[in-house]
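Observations on the model geometry
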Amino acid sequence: MSGKDYVEKDYYKVLGVPKDASATEIKKTYRKLAREFHPDANKGDAKAEERFKDISEAYDVLSDEKRRKEYDEARSLFANGGFRSGGPGGTGSYSFDFGDLFNGNQGGGSGGIGDVFGGLFNRGGRQAQPRRGSDVETEVTLSFEEAVDGATVPLRMTSQAPCRLCNGTGAKSGTTPRVCPTCVGSGTVSRGQGAFALSEPCRDCRGRGMIVDDPCTDCHGSGRASSARTMQVRIPAGVQDAQRIRLKGKGAQGERGGQPGDLYVSVHVDPHPVFGRKGDNLTVTVPVTFPEAALGGTIEVPTLNGPSVKLKLPPGSANGLTLRARGKGATRKDGTRGDLLVTVEVVVPQTVTGDALTALEQYREATASDDPRAALFRAAKGA
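What counts and how
- Starting afresh in each chain, residues are numbered from 1 along the sequence in its written order.
- Since the coordinates come from a predicted model, pLDDT governs what is reported: local features require at least 70, and pairs of side-chain atoms require 80 or more to be given and counted, while whole-chain, interface and lining totals use all residues.
- Heavy atoms from the whole structure form the basis of all side-chain values; hydrogens and water molecules are not counted.
- In this scheme, strands are said to pair when DSSP sees at least two bridges between them.
- Labels follow the DSSP assignment, with helices taken as runs of H or I lasting at least four residues and strands as runs of E lasting at least two, numbered in each case from the N terminus.
- Fitted lines through C-alpha atoms serve as axes, helices being fitted only where they are in contact, and the angles separating the N-to-C directions of these axes extend from 0 to 180 degrees.
- Here a residue-residue contact requires only that any non-hydrogen atoms of the pair lie within 4.5 Å.
- Any cysteine sulfur atom paired with another within 2.5 Å is treated as part of a disulfide.
- Partly exposed describes any residue whose relative accessible area lies between the buried limit of under 20% and the exposed limit of over 50%, with all areas from a 1.4 Å probe on protein chains only and scaled to the type maximum.
- Salt bridge, as used here, is a side-chain nitrogen of Lys or Arg placed within 4 Å of a carboxyl oxygen of Asp or Glu.
- By definition in this entry, angles of less than 35 degrees are roughly parallel, angles greater than 145 are roughly antiparallel, angles of 65 to 115 are roughly perpendicular, and the rest are oblique.
- What makes a crossing left-handed is the near helix being turned counterclockwise from the far one by less than a right angle; a clockwise turn instead makes it right-handed.
- Note on residue categories: nonpolar means Ala, Val, Leu, Ile, Met, Phe, Trp, Tyr, Cys or Pro, charged means Asp, Glu, Lys or Arg, and polar means any other residue, Gly included.

This part is about the sheet that holds strand E10 (residues 244-247). A sheet is described by the order of its strands in space; here 3 strands give the open sequence E3-E11-E10, paired in mixed fashion. Edge positions in the sheet fall to strand E3 (136-142) and E10, since each has one partner strand and no second. Within this sheet the neighbouring strands show an average axis-to-axis angle of 25 degrees, counted without direction. Contacts from helix H3 (residues 23-37) reach E3, E10 and strand E11 (263-269), with the element oriented near 60 degrees to E3.

In this structure the tally under the stated criterion is 0 disulfides. No disulfide involves Cys 180; its nearest neighbouring cysteine sulfur is the one of Cys 202, lying 3.7 Å away. Exposure remark for Cys 180: the relative accessible area of 1% places this residue in the buried category. Given the relative accessible area of 2%, Cys 202 is considered buried.

Below, the discussion takes up the side chain of Arg 68. Within the secondary structure, Arg 68 sits in helix H5 (residues 65-78). Other than its neighbours up to four places away in sequence, Arg 68 contacts Tyr 12, Lys 19, Asp 20, Ala 21, Ile 26, Val 61 and Leu 62.

Let us look at the environment of Arg 67. With respect to the helices and strands, Arg 67 occurs in helix H5. The class of Arg 67 is buried, set by a relative accessible area of 6%. Separated by 67 residues in the primary sequence, Arg 67 and Ser 134 have C-alpha atoms spaced 10.0 Å apart.

Counted by the stated rule, this structure contains 12 salt bridges. Of the charged contacts in the structure, one is a salt bridge between Lys 9 and Glu 57, with a shortest N-O distance of 2.9 Å. You can see Lys 9 sitting in the loop between helix H1 (5-8) and helix H2 (11-15) and its partner Glu 57 sitting in helix H4 (residues 46-62), a full 48 residues away along the chain. Lys 9 gets classed as partly exposed once you look at its relative accessible area, which sits at 30%. Given a relative accessible area of 9%, Glu 57 falls into the buried group. One salt bridge connects Asp 339 with Arg 326, and the closest N-O pair in it is separated by 3.5 Å. Of the two residues, Asp 339 sits in the loop between strand E16 (322-325) and strand E17 (340-346) while Arg 326 sits in the loop between E16 and E17, which places them 13 residues apart along the sequence.

For Ala 242, which is not glycine, the phi torsion reads 75 degrees and is therefore positive. Looking at where Ala 242 falls in the secondary structure, it is placed in the loop between strand E9 (224-235) and E10. Here Ala 242 falls in the exposed class, since its relative accessible area comes to 62%. Residues other than glycine seldom take positive phi values, yet Asn 305 does so here, at roughly 60 degrees.

To describe two helices that pack against each other, one gives the angle between their axes and the distance between the axes. Axis separation between H3 and H4 bottoms out at 9 Å; the angle between their running directions is 160 degrees. Classified by the angle their axes make, H3 and H4 are roughly antiparallel. In this structure, H3 crosses over H4, and the sense of that crossing is left-handed. When H3 is examined against H4, the residues Ile 26, Lys 27, Tyr 30, Leu 33, Ala 34 and Phe 37 are found in contact with a partner set consisting of Ala 48, Arg 51, Phe 52, Ile 55, Ser 56, Tyr 59 and Leu 62. Classifying every residue of the contact of H3 with H4 by side-chain character gives 10 nonpolar, 1 polar and 2 charged.

To summarise the sheet geometry, strands pair through backbone hydrogen bonds and adopt either a parallel or an antiparallel arrangement. Strand order in this open sheet of 4 strands is E12-E13-E17-E16, and the pairing throughout is mixed. Looking at strand neighbours, the two that pair on one side only are strand E12 (276-278) and E16, the edges of this open sheet. Going from strand to strand, the sheet's axes swing by 35 degrees on average, the running direction of each strand aside. The pairing of strand E13 (residues 281-288) with E17 spans 7 bridges and is parallel. Residue pairing for E17: Thr 283 is matched across the bridge by Leu 341.

Moving on, we get to the environment of Val 136. Structurally, the position occupied by Val 136 is in strand E3. Assessed through its relative accessible area of 6%, Val 136 is described here as buried. Placed 111 residues apart in sequence, Val 136 and Leu 247 show a C-alpha to C-alpha distance of 9.9 Å.

Have a look at this one:
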């Protein structure tokens, strides 16, 4: 991105947020727009792809506290395209075009707002410092099994990166920038102003210290461009729905040798028709018959992606009793596994006929003196 973009592009308008929007509001709006205009969701739609690039470019600036501050300063100070400074007693002045200054200012030499003022007040231009790449956010949806066991998934991302055609130099392939003969690479020239000797950005190289005679046809001399790439990312086992994973150094590439940013992946997990999740434990509800609950026995229980297990059901098991199959749950960070929590659900038959009906009537007569609600009525009466 060229410095001129700081003046000409309204990134707040691109994202549709106010200038005092919080970082959380900016991130939330970006994620919503990114999902709407992502190339994967708008295949073959050139306008949607261009909109997505604009959204990504705006977020790259506004999500970085330092770059956002520089951008706000640039918009505030240089929006009118010029700057005037009075000499002693306010009688003298000079002006120059900051649109020219910022155009394509992404190579070596000076470039930020601090560099401009350093030159104006005779502190000398600073050599452009490496800049860390922006963090990138994306989303992925996993099946229940992939979340439990881990998976390697392809992720498509779009972010700002050095122009591939010119390798970030801003010059057309086969050519290289040359040192500006006017400022001899400093990016600034001295100028007398009354009793003061001021420095101002060199007009010939626009403050870069280098001149691109034949600009790159892709980035038009800025050295930066939106880059789409697909990478294979390993999602660790045991990840949970709505979890946010940080992958260090997998974000946008840095500028001028700076470190790359980080990649943040928001994980969505599809539900399973049988199993649920509670932390590192899996859950399952298993129906049992009335005789099994009353008399006890051994029940067979399914597991996720493994052989079934047999659990002992104690006599007199109540509906909702939870049994535990150790080591049959989700994988933890240390490689061990949680447990499978088995909830017993006593099944009441809808119809009873024949011998079963006769046996149940005999059972009712045999237990007629046992009133399971007696304690309830005593408690209700305060007895």
